[in-house]
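Inside the fold
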Amino acid sequence: MSSSDFRQIAIRTESGKAERLFRAAVSAFCSLTRPSRREIGQLEDLTLPLFDDVSVESRRYVAAALSECEYAPAALVRRLCEEPVDIAAPLLIRSRAVSDIDLIALIGRHGLPHARAIARRKDLNPTIADLIRALERPTLVRVREPDVQAPTAPAVAVVTAEAAEHSATEQQSPGIAAENARRRLRSMMRTGDEASAAKVDAFPGSETYVKLRETALTGNAAFFQTALADALDIDFSTARSLTASQNYASLLAALRSLDFSEDRAFLITVAIYPSLFPHPQAIRTYLDRYRLLHRDVALDRVRGWKAEALSRMVRDASPANSDSRKASNSDEASAPALRASSRK
């Protein structure tokens, strides 16, 4: 079927034909050897409005067809991947339109059923494969007993993929575990970085995101705090306090104020707080909190941080002024005594 046939399908608007139109449009698209951007856009414009009106069988059929398509439309693929695993499985296993970041987010939202399908992908990123193995065997989480002082036991609960296969990794310290997590994330983000560079530049604020992401993945807190201070236009001490707490609430608000997508915000947060996301429910909770936080509320919090920093500067300056006034008053008080003693 030629591209002209596909364009003709989009013109048919007879009522009651949503099911047939949905299937026929995708079938015609998959027959194209190298579809243009315009044709990809046409398919999305045609199928997404019909999505809620078609049957489960049609969605399953379309997911299977697009899983073999080299140039599958990303928006339609993402919508299908959010379906139950019996529909989404072909795309989770084979589709090139699903990125590593998409896979992590899907595991966070849908848990083990999607994770098990993703585990069947060829050339799956090792970091994601390790995460899935850890999720399959949650009993590998090691927590230090409160009364045990063994020097090799971790100080906090650490979930690492290496724990599944290497006992030495099970005994690593939290600092080493965090660094290993950052190193694996850094490696994952660099995979296909050149191919995605053009896409990143197409989004507003991408420069800020890239700077925050790269500094977060260095593992150097000061680098990230400096980048965060620049992004939010706050002082360094305030930026440092946002990442010094034991939870990510303040950092979540900071990233929401920058209007990052939930996937971008999650990547930065997990690089700063790797030990806070040991299982899918923790990831799902983060994403839910991020979606529910309105950007205006986040911006108000940033303004509050700036106001607190300003008032702190005023308070810090006040004692110095009062000390100088006291000093000048004491000098004036002692002057008459000196003059009196000189008369004597």
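The rules we used
Residues numbered from 1 in each chain as written. Predicted model: local features only at pLDDT ≥ 70, side-chain atom pairs only at ≥ 80, totals over all residues. Heavy atoms only, no water. Helix = DSSP H or I, 4+ residues; strand = E, 2+ residues; numbered from the N terminus. Buried < 20%, exposed > 50% of the residue type's maximum accessible area, 1.4 Å probe, protein only. Areas by Shrake-Rupley, 256 points an atom, 1.4 Å probe, with all protein chains shown as cover. Phe/Tyr/Trp six-rings, centres within 6.5 Å; stacked < 30°, edge-to-face > 60°. Lys NZ or Arg CZ within 6 Å of the ring centre and 35° of its normal. Salt bridge = Lys/Arg side-chain N within 4 Å of Asp/Glu carboxyl O. Core = buried A, V, L, I, M, F, W, Y, C linked by side-chain atoms within 4.5 Å. Domains from an automatic or database assignment. Expected span 1.5 Å × (residues − 1). Arc of directions from axis to C-beta. Contact = heavy atoms within 4.5 Å. Axes fitted to C-alpha atoms, helices over the stretch in contact; angles between N-to-C directions. Parallel < 35°, antiparallel > 145°, perpendicular 65-115°, else oblique. Left-handed = near helix turned anticlockwise from the far one by under 90°. Patch = residues over 30% accessible without salt bridge, like charges linked within 9 Å, V, L, I, M, F, W, Y side chains within 5 Å.

**Looking at the overall build of the protein chain**
Regarding its fold elements, the protein chain presents 19 helices and zero strands. In the protein chain, which comprises 344 residues, the share counted as buried stands at 40%. Surface summary for the protein chain: the accessible area is close to 19200 Å², and the carbon and sulfur share equals 53%.

**Some points on the packing of aromatic side chains**
All chains considered together, the criterion is met by eight aromatic pairs. Judged by centre distance (5.6 Å) and plane angle (15°), the rings of Y248 and F277 are stacked. In this pair, Y248 is assigned in the loop between α15 (236-244) and α16 (249-257) and F277 in the loop between α17 (262-272) and α18 (280-292), connecting sequence segments 29 residues apart. Across the pair, exposure class does not vary: Y248 and F277 are buried alike. On the basis of an interplanar angle of 80° and a centroid distance of 5.8 Å, the ring pair of F277 and Y286 is categorised as edge-to-face. Accessibility classification places F277 together with Y286 in one group, the buried group. Among the aromatic residues, those joined into a ring-pair cluster are Y248, F266, F277, Y286 and Y290. One cation-aromatic arrangement involves R23 over Y61; the distance from NZ or CZ to the ring centre is 4.8 Å.

**With respect to the pattern of salt bridges**
This structure, assessed with the given rule, holds 14 salt bridges. Between D86 and R60 there is a salt bridge whose closest N-O contact spans 2.8 Å. Pair noted here: D86 is in helix α6 (residues 85-94) and R60 is in helix α4 (residues 56-67), with a separation of 26 residues, a long-range link. Between D259 and R256 there is a salt bridge, and its shortest N-O distance comes to 3.3 Å. By relative accessible area, which is 47% here, D259 ends up partly exposed. Linked by salt bridges that have partners in common, E82, R109, E262, D288 and R291 make up one network.

**A few points about unusual backbone geometry**
Phi is positive for D233, which is not a glycine, with a value near 60°. Mapped onto the elements, D233 comes out in the loop between α14 (221-232) and α15. Even without glycine at this site, D259 takes up a positive phi of about 65°. Within the secondary structure layout, D259 lies in the loop between α16 and α17.

**Observations concerning the nonpolar core**
Counting residues in hydrophobic clusters, the biggest one holds 76 residues, and the most contacted among them are L66, L228, L255 and Y286. The leading source of residues in this core is α17, at seven residues. Mapped onto the domain boundaries, this core takes at least three residues apiece from domain 1 (14-123) and domain 2 (204-315).

**Concerning α4**
Compared with an ideal rise of 1.5 Å per residue, which puts 12 residues at 16 Å, α4 spans 16 Å between its outermost C-alpha atoms and is within 8% of the ideal. S58, R59, V62, A63, L66 and S67 are the residues of α4 that are buried. Projected down its long axis, α4 carries its buried residues within an arc of 165°, all on one side. Along its buried surface, α4 packs onto α2 (18-30), α5 (74-81) and α6.

**Some remarks on the packing of α16 against α18**
Remark: α16 packs on α18, axes separated minimally by 10 Å, with the N-to-C direction vectors making an angle of 50°. The orientation of α16 relative to α18 falls into the category oblique. Between α16 and α18 lies a crossing of right-handed hand. On α18, the residues touching A249, L252, L255 and R256 of α16 are Y286, R289 and Y290.

**Looking at α2**
End to end, α2 covers 18 Å across 13 residues, agreeing with the expected 18 Å (1.5 Å per residue, within 8%). The complete set of buried residues in α2 reads L21, F22, A25, V26, A28 and F29. Seen along its axis, α2 keeps its buried residues to an arc of 160°; they face one direction.

**Brief notes about a nonpolar patch on the surface**
Nonpolar side chains collect at one region of the surface, where L310, M313 and V314 lie side by side and expose about 320 Å² of accessible area between them. Along the chain, the position of V314 falls in helix α19 (residues 295-343).

**Concerning the environment of A134**
Note that A134 resides in helix α9 (residues 126-136). For A134, a relative accessible area of 13% translates into the label buried. Linking A134 and P278, residues 144 residues apart in sequence, is a C-alpha distance of 8.6 Å.

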